[in-house]
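Each chain, written out:
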Amino acid sequence: MEYNQQKIQFEGKESKNPFAFHYYDPEKVVAGRKMKDHLKFAMSYWHTINASGTDMFGGDTMDKTFGEPYGIERFKKKADFAFDLMQKLGIEYYCFHDVDVAPEGETLAESVKNLEIITDYLLQKQQETGIKLLWATANMFGDKKYMAGAGTSCVADVFAMAAGKVKAGIDAAIKLGASGYVFWGGREGYDTLLNTNMGLELDNLARLLTMARDYGRAKGFTGDFYIEPKPKEPTKHQYDFDVATCANFLRKYNLMDDFRMNIEANHATLAGHTFQHELRTARVNGIFGSIDANQGDMLLGWDTDQFPTNVYDTTLCMYEVLKAGGFTNGGLNFDAKARRQSNTYEDILLSYIAGMDAFALGLLKADALIADGRLDAFVEERYASYKKGIGKSIVEGKETLESLAAYAANLTNIQVPSGRQEYLETLVNDILFS
Ligand code: XLS
Ligand code: NI
Ligand code: NI
């Protein structure tokens, strides 16, 4: 892989230089905060440092072996490349699965030893560069022993292996000062109910998450635990289907105080929701946490993990993030990879620039939408009947079915105002394209 590129600079929207930011101006203050602190961009190790273009029909189109056989040396070179790349892009955070950063051994003990060697190395790199770990996770779906799930496997020894991996992952997160630890379902779901004890599987998943929470807190981990919802793929049905499903799970098992959502755009659309819907659902349930920034292809039914370029979506995303009060422990992790045909080193840079600029522009437009005020004012006015009279009384919990039945008994000619959807969509367009 070539290393010949200089640090990417902000040049402004008139620039024709593809290796420059046109909207992302890290130090620029928007809505009281630097752009870089609003956006908290993170690099995903699995896509950027490891994924090499293999798909269901063909092999690698990129070489990410760094000229080394599978082992510690290769992973040190990967880390060197990763930190160099993040510095060139001005990305201050990264995310990984255990197996992304260190070679797997024959046993859990060997893998943990390798992870310790590499996390020493990563810690040193973090200290040299100031780059931080946004979150860590454990890959509990790749190896064949996880074919029936990890925490939801039908085999107790697999559950135990998964617990060991989570322990090592949390240890790594603490050592590297991560502000989050993620659980994405992986194969926690089912392919057919004919062979599945759903009740036991869900209880066991909660047991694993509870153990993780208890271990992490006992060891001083103060960051967020996240569930990353996804409705399907690789299993037919994933138990972390969407934000609402996860909120129900967390409430049932008393995990609401420690867990939040890591919301991925492509997973939202696979669940039949908009990205904004998932963000809003998390916000109104008080569990908004972090984001896996990417986009899917609406004509394809799988997780294509494309770099986000749709500014309508990034705007509405950042609108929700601003309304949620911004990121605290979370950030925008590019769970995205350049297309299989975009197979040069330059494409890695160009794809990150595309995603970062799309989110920077989305932030500017979301801020403009809020500053403009018409959208918020419209919604406020639409619900004005709950600010006075009977509406106020309902909201304050002062009414009953009987009192309302008496109130409504002789009401006539009730007027519901127009929803003005087309006007509002035009308003958004006006802000986006002005
Ligand atoms: C897969 C998920 C995965 C998680 C981390 O679809 O997005 O990459 O983000 O395990
Ligand atoms: Ni993801
Ligand atoms: Ni995904």
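Please refer to the structure higher up on the page.
Residues numbered from 1 in each chain as written. Chains lettered and ligands numbered in written order. Predicted model: local features only at pLDDT ≥ 70, side-chain atom pairs only at ≥ 80, totals over all residues. Heavy atoms only, no water.

**Brief notes about the coordination of the nickel ion (ligand 3)**
Here is step 1 of the chain: Every protein donor of the nickel ion (ligand 3) is listed here as Glu264 (OE), His267 (NE2) and Asp303 (OD), and their distances to the metal cover 2.0 to 2.3 Å.
Here is step 2 of the chain: Positions of the donor residues of the nickel ion (ligand 3), expressed as sequence spacing, correspond to E-x2-H-x35-D.
Here is step 3 of the chain: Metal-to-metal, the separation of the nickel ion (ligand 3) and the nickel ion (ligand 2) is 3.7 Å; glutamate 264 coordinates the two. Here aspartate 303 lies in the loop between strand 13 (288-292) and helix 11 (311-323) and histidine 267 lies in helix 9 (residues 265-270), a separation of 36 residues in the sequence. With respect to burial, histidine 267 and aspartate 303 carry one shared label: buried. (Donors = N, O, S within 2.8 Å, 3.2 Å for Na, K, Ca; no water. Helix = DSSP H or I, 4+ residues; strand = E, 2+ residues; numbered from the N terminus. Buried < 20%, exposed > 50% of the residue type's maximum accessible area, 1.4 Å probe, protein only.)

**Examining the packing of aromatic side chains**
When we look at a pair of aromatic rings, we describe it by the centre distance and by the angle of the planes.
Here is step 1 of the chain: On inspection of all chains with the given rule, the structure shows 24 aromatic pairs.
Here is step 2 of the chain: Ring centres of phenylalanine 334 and phenylalanine 359 lie 6.5 Å apart, and the angle between their planes is 75°; this geometry places the pair in the edge-to-face category. Highlighted residues: phenylalanine 334 in strand 14 (residues 332-334) and phenylalanine 359 in helix 12 (residues 345-372), separated in sequence by 25 residues. Judged on exposure class, the residue phenylalanine 334 and its partner phenylalanine 359 are both buried.
Here is step 3 of the chain: Members of the aromatic cluster, each reached through a chain of ring pairs, are Phe21, Tyr24, Phe41, Phe307, Phe334, Tyr352 and Phe359.
Here is step 4 of the chain: Note that lysine 78 overlies the ring of phenylalanine 75, its terminal NZ or CZ placed 5.7 Å from the centroid. (Phe/Tyr/Trp six-rings, centres within 6.5 Å; stacked < 30°, edge-to-face > 60°. Lys NZ or Arg CZ within 6 Å of the ring centre and 35° of its normal.)

**Re the coordination of the nickel ion (ligand 2)**
The expected angle between donors at a tetrahedral four-coordinate metal is 109.5 degrees. At an octahedral six-coordinate metal it is 90 or 180 degrees.
Here is step 1 of the chain: Within the protein, Glu228 (OE), Glu264 (OE), Asp292 (OD) and Asp335 (OD) serve as the donor atoms for the nickel ion (ligand 2), at 2.0 to 2.1 Å.
Here is step 2 of the chain: Taken together, the six donor atoms coordinating the nickel ion (ligand 2) span angles of 82 to 173° at the metal, a pattern that classifies the geometry as octahedral.
Here is step 3 of the chain: Linear spacing of the donor residues for the nickel ion (ligand 2) on their chain is E-x35-E-x27-D-x42-D. (Tetrahedral: all angles 85-135°; square planar, octahedral: opposite > 155°, others 65-115°.)

**Remarks on the layout of surface pockets**
Here is step 1 of the chain: In this structure, the second largest pocket spans a volume of roughly 540 Å³.
Here is step 2 of the chain: Lining the second largest pocket are 18 residues, with Gln276, Arg280, Leu375, Val379 and Leu424 sitting closest to its centre.
Here is step 3 of the chain: Looking at the lining of the second largest pocket, the elements with two or more residues in it are helix 10 (275-284), helix 11, helix 13 (374-382) and helix 16 (421-433). (1 Å grid on protein atoms, 1.4 Å probe; cavity = no way out; pocket = protein on both sides within 12 Å on 5 of 7 lines; lining within 4 Å. Points joined across faces, edges and corners; volume = space filled by probe spheres on them.)

**Points about a nonpolar patch on the surface**
Here is step 1 of the chain: Taken together, the side chains of Val379, Tyr383, Tyr386, Ile394 and Val395 define a hydrophobic patch exposed on the protein surface, amounting to about 470 Å² of accessible area.
Here is step 2 of the chain: Within the secondary structure layout, isoleucine 394 lies in helix 14 (residues 389-395).
Here is step 3 of the chain: In this structure isoleucine 394 comes out as partly exposed when scored by relative accessible area, which is 38%. (Patch = residues over 30% accessible without salt bridge, like charges linked within 9 Å, V, L, I, M, F, W, Y side chains within 5 Å. Areas by Shrake-Rupley, 256 points an atom, 1.4 Å probe, with all protein chains shown as cover. Salt bridge = Lys/Arg side-chain N within 4 Å of Asp/Glu carboxyl O.)

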